[in-house]
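Letter by letter, the chains look like this.
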Amino acid sequence: MSIKVGKVIYSGKAKDVYETEHSDQVVVKFRDDITAGDGEKKDCLHQKGYYNSIISSKLFKVLEEKGIKTQYIELLEPGEMLSHKLKMIPLEVITRNIAAGSLLKKFPFKDKQVFDNPIIQMDYKNDEYHDPMLNDDISMALNLATKEELDEIREITHKINAILKDFLASKGIKLVDFKIEFGYDNDGNIVLGDEISPDTCRYWDIKTFDVLDKDLFRQGECGIMDAYKKVASMILDEEELQKFEI
Ligand code: TMP
Ligand code: ASP
């Protein structure tokens, strides 16, 4: 599809959003920039945008097939995703199946403890305040969402977790935790937006427990792009692997 791309309407730490000739559609461009610690640690990893856009598209398609509304329309080319325009809600909705990351610094959980009931945590997407953890009363007082909307977000997120956990497990990947973001479409529906990539999830190889995500960057290890490429090669089907030359 040929789409005329206009000016940038949002620029984040790893993606830019462009307006298009259609007022209800945007093009999300995935950049190679990678940051951690509120942007304090920075780098540029060749082809990260390529792999993150392919992985996100695949997972959005898997979710759409199971009835989850997402902003995804199509991958115009690797790195460029045509999407429905959403009014984003400044919440980082984190789901945890296994204890890892910042949860271990904040609470006395055991490292790699498996949760029978997945934990859903909402953080305020606000760099100035370092994305603090919210509760419903604070979210409502900040007018981020109503109680009904918060409940709906939790319900959709549980469904997304179940779908992604099963799909990734069938491909040999353990979904430890992940962060997603939602927005409103033109009709006021709550729709999944942003990305679902190794930048925003913890993925472990089910057999070896190898880390296949941004934790490698956070911890200053090498082989980051090999890990992202491995995720793509594990979750794509034959036709997609050929199309994207992976
Ligand atoms: P955390 O354990 O550092 O709080 O991270 C939980 C999940 O959220 C993990 O899968 C990584 C993801 N995440 C983001 O996508 N963006 C962020 O800014 C942070 C801190 C975490
Ligand atoms: N995304 C955050 C940053 O860019 C932190 C992280 O993912 O660890 O600083």
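Quick caveat: nothing in here was measured; it's all calculated off a predicted structure.

Focus: the site of ligand 1
Here's step 1: Close to ligand 1 lie 14 residues; Arg96, Ser102, Asp177, Lys179 and Arg202 are nearest.
Here's step 2: In the model, an oxygen atom of ligand 1 is placed 2.9 Å from a nitrogen or oxygen of the arginine 96 side chain.
Here's step 3: Arginine 202 is positioned with one of its side-chain polar atoms (N or O) 2.9 Å from an oxygen atom of ligand 1.
Here's step 4: When ligand 1 sits alone it has 450 Å² of accessible area, and the protein chains cover 79% of it.
Here's step 5: Within the residue set of the shell around ligand 1, elements represented by two or more residues are β9 (91-98), β11 (173-184) and β13 (201-205).
Here's step 6: Residue composition of the shell around ligand 1, grouped by class: 4 nonpolar, 3 polar and 7 charged.

With respect to the site of ligand 2
Here's step 1: If you check the shell around ligand 2, you find Lys13, Thr35, Ala36, Gly37, Asp38, Gly39, Lys214 and Arg218 and nothing else.
Here's step 2: A distance of 2.7 Å separates an oxygen atom of ligand 2 from a polar backbone atom of glycine 39.
Here's step 3: Residue arginine 218 places a side-chain N or O atom 2.7 Å away from an oxygen atom belonging to ligand 2.
Here's step 4: Bound to the protein, ligand 2 loses 73% of the 260 Å² it would expose on its own.
Here's step 5: Across the shell around ligand 2, the residue classes break down as 1 nonpolar, 3 polar and 4 charged.

What to know about the side chain of lysine 58
Here's step 1: Relative to the helices and strands, lysine 58 resides in helix α1 (residues 48-65).
Here's step 2: A relative accessible area of 12% means that lysine 58 is categorised as buried.
Here's step 3: The contacts of lysine 58, once residues within four sequence positions are left out, are Phe167, Ile235, Leu236, Asp237 and Glu240.

Description of the sheet that holds strand β6 (residues 72-77)
Here's step 1: Read from one edge to the other, the open sheet built from 5 strands follows the order β1-β2-β3-β7-β6, with strand pairing classed as antiparallel. The open sheet has two edge strands, β1 (5-11) and β6, and neither has a second partner. Within this sheet the neighbouring strands show an average axis-to-axis angle of 30 degrees, counted without direction.
Here's step 2: Pairing analysis gives 5 bridges linking strand β3 (residues 25-30) to strand β7 (residues 80-84), with the strands arranged antiparallel. If you follow glutamine 25 over to β7, its bridge partner there is histidine 84.
Here's step 3: Lying over the sheet, α1 contacts β3, β6 and β7, oriented at roughly 150 degrees with respect to β6.

Describing the packing of aromatic side chains
Here's step 1: The final tally for this structure, using the stated rule, is 5 aromatic pairs.
Here's step 2: Taking 6.3 Å as the distance between ring centres and 25 degrees as the angle between the ring planes, the aromatic pair formed by phenylalanine 60 and tyrosine 72 counts as stacked. Pair noted here: phenylalanine 60 is in helix α1 and tyrosine 72 is in strand β6, with a separation of 12 residues, a long-range link.
Here's step 3: Residue phenylalanine 60 is classed as buried on the basis of its relative accessible area, which comes to 0%.
Here's step 4: Residue tyrosine 72 is classed as buried on the basis of its relative accessible area of 12%.
Here's step 5: What links up through ring pairs into an aromatic cluster is the set Phe107, Phe109 and Phe115.
Here's step 6: The positively charged end of lysine 15 is found above the aromatic ring belonging to phenylalanine 30, 6.0 Å away from the centroid.
Here's step 7: The cationic tip of lysine 29 hangs over the ring face of tyrosine 18; the distance from NZ or CZ to the ring centre is 4.5 Å.

The rules behind the values
Residues numbered from 1 in each chain as written. Chains lettered and ligands numbered in written order. Predicted model: local features only at pLDDT ≥ 70, side-chain atom pairs only at ≥ 80, totals over all residues. Heavy atoms only, no water. Near = heavy atom within 4 Å. Polar contact = N/O pair within 3.5 Å; in protein donor to acceptor, adjacent residues only side chain to side chain. Areas by Shrake-Rupley, 256 points an atom, 1.4 Å probe, with all protein chains shown as cover. Helix = DSSP H or I, 4+ residues; strand = E, 2+ residues; numbered from the N terminus. Nonpolar A, V, L, I, M, F, W, Y, C, P; charged D, E, K, R; others polar. Buried < 20%, exposed > 50% of the residue type's maximum accessible area, 1.4 Å probe, protein only. Contact = heavy atoms within 4.5 Å. Pairing = 2+ DSSP bridges. Axes fitted to C-alpha atoms, helices over the stretch in contact; angles between N-to-C directions. Phe/Tyr/Trp six-rings, centres within 6.5 Å; stacked < 30°, edge-to-face > 60°. Lys NZ or Arg CZ within 6 Å of the ring centre and 35° of its normal.

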